[in-house]
Amino acid sequence: LYRQPRVRAALVSASAAALLSMTLTFAALEALSPTPSPLPDVTLYNLQGDATTLKAAANGITLVNLWATWCPPCRREMPVLEAGQQRYPGIRFILANQGENPAQVRQYLTEGSLRFDHLLLDPHTDLGRYAGSSGLPLTLLFNAQGQEIARHFGPLSEASLHHFLMNNRPGVPQ
């Protein structure tokens, strides 16, 4: 077909259009893909009122979950995150409560018999502002260098947590 002048012109035009379309598509995808952002420099507090920064609390690969006691989807995922701490020991799980006082959080944890190794309070919802989201729950994943590599909006089930971690971190145990 290429040897026929009319067909050759059409093939060259179609190939050029396809190449241009592909180039524009890849350029748009590259522009839209999020660039890794570092751990935000926010001050958080433990239930005793001691201040720390997220950078100080993070250690290696870190999952940060933004949640609140009044949020039903957050409440549904709490047992999943509690179990996740044990199932994925190579990942630090930080639960950052958004805007509630220590007494509310402590009461919720006691009533639910929940225990988290790294539970922090974000009284001014600085992490929510950093993430650009006013919805909860929101889960952020940071690599060992402190760069955000993934985020998940909405509650996590055991399967979706595993899928989230498997897709964003090689070596997560099956």
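Thresholds, definitions, all that
- Residues numbered from 1 in each chain as written.
- Predicted model: local features only at pLDDT ≥ 70, side-chain atom pairs only at ≥ 80, totals over all residues.
- Heavy atoms only, no water.
- Helix = DSSP H or I, 4+ residues; strand = E, 2+ residues; numbered from the N terminus.
- Buried < 20%, exposed > 50% of the residue type's maximum accessible area, 1.4 Å probe, protein only.
- Polar contact = N/O pair within 3.5 Å; in protein donor to acceptor, adjacent residues only side chain to side chain.
- Contact = heavy atoms within 4.5 Å.
- Core = buried A, V, L, I, M, F, W, Y, C linked by side-chain atoms within 4.5 Å.
- Arc of directions from axis to C-beta.
- Expected span 1.5 Å × (residues − 1).
- Salt bridge = Lys/Arg side-chain N within 4 Å of Asp/Glu carboxyl O.

## Remarks on the side chain of Asn143
Residue placement: Asn143 occurs in the loop between strand 6 (138-142) and strand 7 (148-153). With a relative accessible area of 18%, Asn143 lands in the buried category. A polar contact of 3.0 Å, which involves the side chain of Asn143, links it to the backbone nitrogen of Gln145. In this structure Asn143 touches Gly60, Ile61 and Ile149, once residues within four positions along its chain are discounted.

## Describing the nonpolar core
By size, the foremost hydrophobic cluster in this structure holds 44 residues, and its most contacted members are Leu63 and Val64. In contact with Leu63, not counting residues within four places along its chain, are Leu81, Ile91, Arg92, Phe93, Ile94, Thr139, Leu140, Leu141, Leu161, Phe164 and Leu165.

## Here's the deal with the environment of Leu156
By the secondary structure assignment, Leu156 is in the loop between strand 7 and helix 6 (158-168). Between the alpha carbons of Leu156 and Glu77 there is a distance of 5.6 Å; along the sequence they are 79 residues apart.

## Some points on helix 6
Every buried residue of helix 6 is accounted for by Leu161, His162, Phe164 and Leu165. Across the axial projection of helix 6, the buried residues extend over an arc of 160°, all falling on one side. Among the exposed residues of helix 6, those oriented more than 90 degrees off its buried face are Ala159 and Asn167. Among the structural elements, strand 3 (62-67), helix 3 (72-87), strand 4 (92-98), strand 6 and strand 7 are those in contact with the buried residues of helix 6.

## Some details on helix 3
Over its 16 residues, helix 3 extends 24 Å from the first C-alpha to the last, a length consistent with the 22 Å expected when each residue adds 1.5 Å. Here helix 3 has its buried residues at Cys74, Glu77, Met78, Val80, Leu81, Gly84 and Gln85. Looking at the packing, one finds that the buried side of helix 3 touches strand 3, strand 4, helix 4 (102-111) and helix 6.

## What about the pattern of salt bridges?
Enumeration over the complete set of coordinates arrives at 4 salt bridges. The partner of Arg87 in a salt bridge is Glu158, and the shortest N-O contact between them spans 3.7 Å. Taken together, the positions of Arg87 in helix 3 and Glu158 in helix 6 put the pair 71 residues apart, joining distant regions of the chain.

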